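Observations on the three-dimensional arrangement
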Protein chains: 2
Amino acid sequence: MGATPPRSPLAPARFPDLPPVAGVTLATAAAGVRYAGRDDVLLARLDPGTAVAGVFTRSATRAAPVLDCEAKIGAESAAGAAILVNAGNANAFTGRHGAEAVARLTAAAGAALDLPGERVFTSSTGVIGELLPDDRIAAALDGLAGSLAPGGWEAAARAIGTTDTFPKGAGTTVELAGGPVRIAGIAKGSGMIAPDMATMLVYIFTDARLSRPALQEMVSELSDETFNRITVDGDTSTSDTLLAAATGASGVDAASDPAFRAALHGVMLDLAQQVVRDGEGATKFVEIAVTGAASAADARSHAFAIANSPLVKTAVAGEDPNWGRVVMAVGKSGAAADRDRLSIRFGDVRVAEAGWVAPDYDEADAAAHMHGQEIRIGVDLGLGAGAATVWTCDLTHGYIDINADYRS
Amino acid sequence: MGATPPRSPLAPARFPDLPPVAGVTLATAAAGVRYAGRDDVLLARLDPGTAVAGVFTRSATRAAPVLDCEAKIGAESAAGAAILVNAGNANAFTGRHGAEAVARLTAAAGAALDLPGERVFTSSTGVIGELLPDDRIAAALDGLAGSLAPGGWEAAARAIGTTDTFPKGAGTTVELAGGPVRIAGIAKGSGMIAPDMATMLVYIFTDARLSRPALQEMVSELSDETFNRITVDGDTSTSDTLLAAATGASGVDAASDPAFRAALHGVMLDLAQQVVRDGEGATKFVEIAVTGAASAADARSHAFAIANSPLVKTAVAGEDPNWGRVVMAVGKSGAAADRDRLSIRFGDVRVAEAGWVAPDYDEADAAAHMHGQEIRIGVDLGLGAGAATVWTCDLTHGYIDINADYRS
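Residues numbered from 1 in each chain as written. Chains lettered and ligands numbered in written order. Predicted model: local features only at pLDDT ≥ 70, side-chain atom pairs only at ≥ 80, totals over all residues. Heavy atoms only, no water.

Points about the relation of the copies chain B and chain A
Short version of the rule: C-alpha atoms of residues with pLDDT of at least 70 in both copies form the basis for the least-squares superposition of the copies. The contact criterion used throughout is that any non-hydrogen atoms of two residues lie within 4.5 Å.
Aligned on chain A, chain B shows an RMSD of 0.0 Å; the corresponding rotation is 180 degrees and the shift along the axis is 0.0 Å. The two molecules are tied by a two-fold rotation axis, judged by turn and shift. In terms of proximity to the rotation axis, the leading residue of chain B is His397(B), whose C-alpha is 2.9 Å off the axis. Most of the interface of chain B is mirrored in chain A, where 100% of its interface residues are also at the interface.

Details of the interface of chain B and chain A
The condition is simple: Throughout, the accessible surface (probe 1.4 Å) given up by two parts as they are put together, summed over both, is called the buried area. By salt bridge we mean one thing: a side-chain nitrogen of Lys or Arg within 4 Å of a carboxyl oxygen of Asp or Glu. Identification of polar contacts relies on pairs of N or O atoms within 3.5 Å, with a donor-acceptor requirement for protein atoms, meaning one able to donate a hydrogen and the other able to accept it, and with residues adjacent in sequence counted only if both atoms are side-chain atoms. Runs of H or I in DSSP of at least four residues are treated as helices and runs of E of at least two as strands, each being numbered from the N terminus. In this classification, Asp, Glu, Lys and Arg are treated as charged, Ala, Val, Leu, Ile, Met, Phe, Trp, Tyr, Cys and Pro as nonpolar, and every other residue, Gly included, as polar.
Each side of the interface is counted separately: chain B has 59 residues, and chain A has 59 residues. Interface area, chain B with chain A, both sides summed: about 4,800 Å², of which 60% is carbon and sulfur. Three residues, Phe93(B), Arg339(B) and Trp356(B), lead the burial of chain B against chain A; their summed loss comes to 17% of the area buried on that side. Inspection of the chain B/chain A interface yields 0 salt bridges. On the surface where chain B and chain A come into contact, there are 3 residue pairs in polar contact (both at pLDDT 80 or more). Of all the secondary structure elements, the ones that give two or more residues to the side of chain B that touches chain A are helix H1 (64-72), helix H2 (95-113), helix H8 (310-317), helix H9 (323-332) and helix H11 (397-405) of chain B. For the side of chain B that touches chain A, the leading source of residues is H9(B), giving 8 residues. Residues that form the side of chain B that touches chain A fall into these classes: 25 nonpolar, 20 polar and 14 charged.

Overview of the sheet that holds strand E8 (residues 201-206) of chain B
All names here are of chain B. Heads up, the condition is: Only strands that DSSP links by at least two bridges are regarded as paired with each other. Axis definition: a line fitted to C-alpha atoms, limited for helices to the stretch in contact. Angles are taken between N-to-C directions and run from 0 to 180 degrees.
On the basis of which strands lie adjacent, the open sheet formed by 5 strands has the order E3-E10-E8-E7-E6 and mixed pairing. In the strand order of this sheet, the two ends are held by strand E3 (51-56) and strand E6 (168-176), each with one partner. Strand after strand, the sheet turns through a mean of 10 degrees between neighbouring axes, direction not considered. Bridge count for strand E7 (residues 179-188) against E8 is 6 bridges, and the pairing is antiparallel. Directly across from Ala-187, in E8, lies its bridge partner Val-202. Sheet strands touched by helix H6 (residues 258-277): E6, E7, E8 and strand E10 (241-246). Its angle to E6, the strand with the most contacts, is close to 170 degrees.

Overview of the domain arrangement of chain A
The condition that has to hold: By convention here, the domain bounds are inherited from an automatic or database domain assignment.
Segmenting chain A into domains produces domain 1 (24-277) and domain 2 (285-405). Here the C-alpha centre of domain 2 of chain A lies 33 Å away from the C-alpha centre of domain 1 of chain A.

With respect to the sheet that holds strand E4 (residues 81-89) of chain B
All names here are of chain B. Within the open sheet, the 4 strands sit side by side as E1-E2-E4-E5. Their pairing is mixed. The sheet is open, and its two edges are formed by strand E1 (24-29) and strand E5 (120-127), each paired on a single side. Put simply, the sheet's adjacent strands are angled 10 degrees from each other on average, direction ignored. Relative to the sheet, H2 contacts strand E2 (41-46), E4 and E5, its axis offset from that of E5 by approximately 130 degrees.

Comments concerning the side chain of Thr94(A)
To keep things clear, this is the line we draw: Exposed residues in this analysis have more than 50% of their type's maximum accessible area, buried residues have under 20%, and partly exposed residues fall in between, with area computed by a 1.4 Å probe over protein chains only.
Topologically, Thr94(A) is positioned in the loop between strand E4 (81-89) and helix H2 (95-113). A residue is classified by how much of its surface remains accessible, and Thr94(A), at 1% relative accessible area, is buried. At 2.8 Å, the side chain of Thr94(A) forms a polar contact with the side chain of Asn91(A). The contact partners of Thr94(A), leaving out residues within four places of it in the chain, are Gly129(A), Glu130(A), Leu131(A), Gly355(B) and Trp356(B).

Digging into the pairing of strand E14 (residues 374-380) of chain A
Residue and element names in this part refer to chain A. Inspection of the sheet shows strand E10 (residues 285-293) paired to E14 by 7 bridges, in the parallel sense. Directly across from Val-290, in E14, lies its bridge partner Val-379. Where strand E11 (residues 343-346) and E14 come together, 4 bridges link them in antiparallel fashion. Of the residues in E14, the one forming a bridge with Ser-343 is Asp-380.

As for the pattern of salt bridges
Any two side chains of opposite charge can pair, given that their charged atoms come close. Residue and element names in this part refer to chain A. Considering all chains together, one arrives at 34 salt bridges over all chains under this definition. For the salt bridge of Glu-221 with Arg-261, the shortest nitrogen-to-oxygen distance reads 2.3 Å. Pair noted here: Glu-221 is in helix H6 (residues 212-225) and Arg-261 is in helix H7 (residues 258-277), with a separation of 40 residues, a long-range link. Ionic contacts of the salt-bridge type, sharing partners, join the residues Asp-164, Lys-168 and Asp-278 into one network.

Things to note about the UniProt feature "binding site: substrate" (unreviewed entry) in chain A
Residue and element names in this part refer to chain A. Operational definition: UniProt positions are given in the numbering used here, feature names are shortened, and annotations may be inferred rather than shown by experiment.
Per the UniProt record, "binding site: substrate" (unreviewed entry) is found at Thr-162, Lys-188, Thr-199, Glu-280, Asn-403 and Ser-408. Tracing the sequence through the fold places Thr-162 in the loop between helix H5 (153-159) and strand E6 (168-176). Judged by its relative accessible area of 18%, Thr-162 is buried. Setting aside its immediate chain neighbours within four residues, Thr-162 contacts Tyr-35, Arg-38, Ala-87, Gly-88, Thr-125, Gly-126 and Lys-188. Following the sequence through the fold, Glu-280 ends up in the loop between H7 and E10.

With respect to the nonpolar core
Cut-off, in case you're wondering: Buried Ala, Val, Leu, Ile, Met, Phe, Trp, Tyr and Cys residues form a nonpolar core when they are joined through side-chain atoms within 4.5 Å.
Counting residues in hydrophobic clusters, the biggest one holds 115 residues, and the most contacted among them are Ile377(A), Val379(A), Trp153(B), Phe205(B), Ile377(B) and Val379(B). Not counting residues within four places of it along the chain, the set of residues in contact with Phe205(B) comprises Val21(B), Val24(B), Ala44(B), Leu46(B), Ile83(B), Trp153(B), Arg182(B), Ile183(B), Ala184(B) and Ala245(B). Counting 32 residues, the second largest nonpolar core, distinct from the first, contains Ile183(B), Leu210(B), Ala263(B) and Leu264(B).

Given below as structure tokens:
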């Protein structure tokens, strides 16, 4: 790694105040996996009775910890569970050594916590193709187990970061019919962020009571509306993992309460957007809202064609209301479009309609919107009721600096 | 437009010596479409009996001249033909005004050349969404018609360029069974270059004799092996057009001579690779050769996933033999892959095999290859006989400069 990039200009002012979640304790440590002088391992202990659900990358070259999580996630167990995460090494493309390292780590963590290894879920993020020094992580396990405590979300978020420039957390306390429940989540991610997968690393905890299948269904659905709607560079990680844990410690049933689903959606969307706000080199946060498409799938295709277009992303970086590039991206997406029904907005400024520039368009208005930090691009296809919104960032010299000028 | 970017470091030393093609005359002029102080219009006159074939962008927002060419290209005619090209304005996303401008121009060019308007093919390249000042082009037509002459390929290639930093031409004289025939072609293209379409503007001329259907079949097939195998930024133009004209003036039949097909393939591949060598901001020419895939389609998906990955392209820019990013791109492509059968080469250096780093890998060897200007990345899937090779360039600060810092 070269010099650390500066904190993103799109970062929130501070890490949010997140409530402890009954049934969850956390600890972090500096195991020296790759980085010096910072914590790089997180251990989360989940009480017996906790339901654990997950969503994972569909990459064909996914990492050993992902394969191990996938094999375990569907099992029912009352034994409690643990999540062990390291930063600095992805344990990806490491052949059989990768799986062996995961087996050693889950066994060691299980021994330290008096859990079966099948109840230990691991994630690794960082360099691809180098052997994970799992012995260094194992050596830290007794200390981690001994320092587990409620709360500590910000330290946890910091311990799992790699090129992240700020720690990402979101949470809420929501009143359900049966009483209040708490949700807290953390995430890491900055580059190699792409849609259509559970992107990056995300851990969400609640003391609500849900069955494992109900929790799984909910996070799968909501991932598709949140983490699967963001992109930084269209490149998909080998390690993307979302784990959600419902301890049930509140005693409040949440499975059928729409307020819980709405609150969980809000937390997941907040975390997803924080990942975009920490996109490598980002200086603008961009919302692409497509309406009027022939179908929801078409709307999504158009939205991602725009969001992943290097020419659109560089135009945003240059504060250029270049709607010609938006037209180009719609045209290449492969989804249905009729040039002469297309309309385009930058912010609230209608720049193009019915296949050409809007009659009252004044570029100064659109340029004023582009000078801001929060950019909204609206595209209406004029064909049907399909709609989709995705979030991305601009493409700047900072992205090149991080990925070309610095050796990673 | 801002400052002109410097000539690409990957440019050929000079424009090639191209033979005149009997039955083809050319003229260029400065019509002031957008640029000052340079020719921006090309007129090509094709003698009676010429067969004209074309391949066009599949963009859903394709420009008015493309729609007009598509409507005309299939017709048989002995009347001769003309090609009229302007740079500086794409006449794209200009509503009914766009089609009206094309109709006026083809009628005016037909009148100047004593041809029916249906035999005039036009292309426009440049800014999207602004009205084409077709009156300025029409005003230049009599002068163009009066100065038509054989040869003049370099001036023709210069007249159709936009952000191109060098004029692109290729050609050959090939001995067929019936005697020698000549092929000469020119192209423009630098950004908004993506696969799976006939990319950018390309005009190829030969004095060989072929029927229109035979010529069409040949250029369609060969486009798929040449222009449809390159990418600069994954963004697809609204104006991509390839027109091929066979005048038959040599009297030599070429339809069934494999030497002609091979020569035409060579000319088209040369032009396609020149477009990549003029990729916006490019400092490295990159060949991605995928072998051992389950099918040819899978090989192509893997190759383009690698070629379009911003993380791979920035790694190449940074001269970093970062094979982990190649693994990532293979994993996200959607095509079949088995991590543990994958092998990767940079140049002749085997860096990874059987799902992990090669036992004798020495990074210094791979780094030495990455310091060069011609980069070869080889990926073998170990699954089948599917193979595909594509060409791209790196992603550098120069691309950001051209597309963000300069207003286009």
